[in-house]
Amino acid sequence: KWGRSSWSNKELVFKESLNLKAKGFVKETLMEERKKFEYKWVIVALCFLMVFTCLSFCSGTKSLYLAAVTEALGLKRSLFSLNDSCRFITTSIVSLFFGTLIGKFGARKLIAAGFISLIISMLINAHAESVYQFYVGGCFLGMGLSWTTTTMIGYVVNKWCKENRGTIMGFVLAANGLGGALVTQIISPIIYNESEPFGYRNAYKLTALILLVVGTLVVLLFRNDPEGKKSNEKYVKEKKPKNPSWS
């Protein structure tokens, strides 16, 4: 009787410890899910900020520079407009390798490279003296927009948001229209400053500075994966038996 009673007590203690561990695991899992859920909105906000800054300042204001640059440097508008062709060709080429690059380097590093490319583009345009230098700036612009706007935003939203992806994507891309309306009021007076014939250069430099500040903020706060996703995948991979046996 004493042996059975001792064994029953041990079994009871064992079951209680299992219940405590299970409760702790559930609590920890819920906390991780809550953290992941909350940080998802940080990622969405960063995506909104990227679209607002990169598309509005670098793409939405292109037409504002046309008259100012061509008149200041004495360039033909048709030749200057070819830098848009350089941009779109570069974007097409880079997009072909987007899947390979994102798999090798991750979204965070590509976003950082995208902001650096955009800053280089703005600085080249600010100091350009010939139309060919604007073509080089157009190539960097196309590369930078490939890694900070529509394609990247679609990838990030699809990875972080499991529900309402269409609504969230629409909200993020709405930043382009909102930013275009606001940025035009900021950049236009700088470009067409009557006391400064090369006012467009100051506008390019201001854009580069804004990209530097926003890019630094985005890269510091951005995460490649929802919290716990990689560790779970690694855990499953390690625990899976190579040669399962039913004997």
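Residues numbered from 1 in each chain as written. Predicted model: local features only at pLDDT ≥ 70, side-chain atom pairs only at ≥ 80, totals over all residues. Heavy atoms only, no water.

*Asks:* Would you mind showing me how to read the pattern of salt bridges here?
*Replies:* Close approach of charged atoms lets side chains of opposite charge pair. In the structure shown here, the tally under the stated rule is three salt bridges. The partner of Arg 201 in a salt bridge is Glu 129, and the shortest N-O contact between them spans 3.1 Å. Of this pair, Arg 201 sits in helix H10 (residues 199-221) while Glu 129 sits in the loop between helix H6 (107-127) and helix H7 (131-146), placing them 72 residues apart in sequence. For Arg 201, a relative accessible area of 19% translates into the label buried. Using a relative accessible area of 53% as the deciding quantity, one classes Glu 129 as exposed. A salt bridge links Asp 225 to Lys 159; the nearest nitrogen and oxygen atoms lie 2.6 Å apart. In this pair, Asp 225 is assigned in the loop between H10 and helix H11 (229-239) and Lys 159 in helix H8 (residues 150-160), connecting sequence segments 66 residues apart. Taking the relative accessible area as the measure of exposure, Asp 225 reaches 14% and is therefore buried. (Salt bridge = Lys/Arg side-chain N within 4 Å of Asp/Glu carboxyl O. Helix = DSSP H or I, 4+ residues; strand = E, 2+ residues; numbered from the N terminus. Buried < 20%, exposed > 50% of the residue type's maximum accessible area, 1.4 Å probe, protein only.)

*Asks:* Mind showing me how you'd approach the side chain of Lys 159 here?
*Replies:* Relative accessible area serves as the criterion here: at 17%, Lys 159 is assigned to the buried category. At 2.6 Å, the side chain of Lys 159 forms a polar contact with the side chain of Asp 225. (Polar contact = N/O pair within 3.5 Å; in protein donor to acceptor, adjacent residues only side chain to side chain.)

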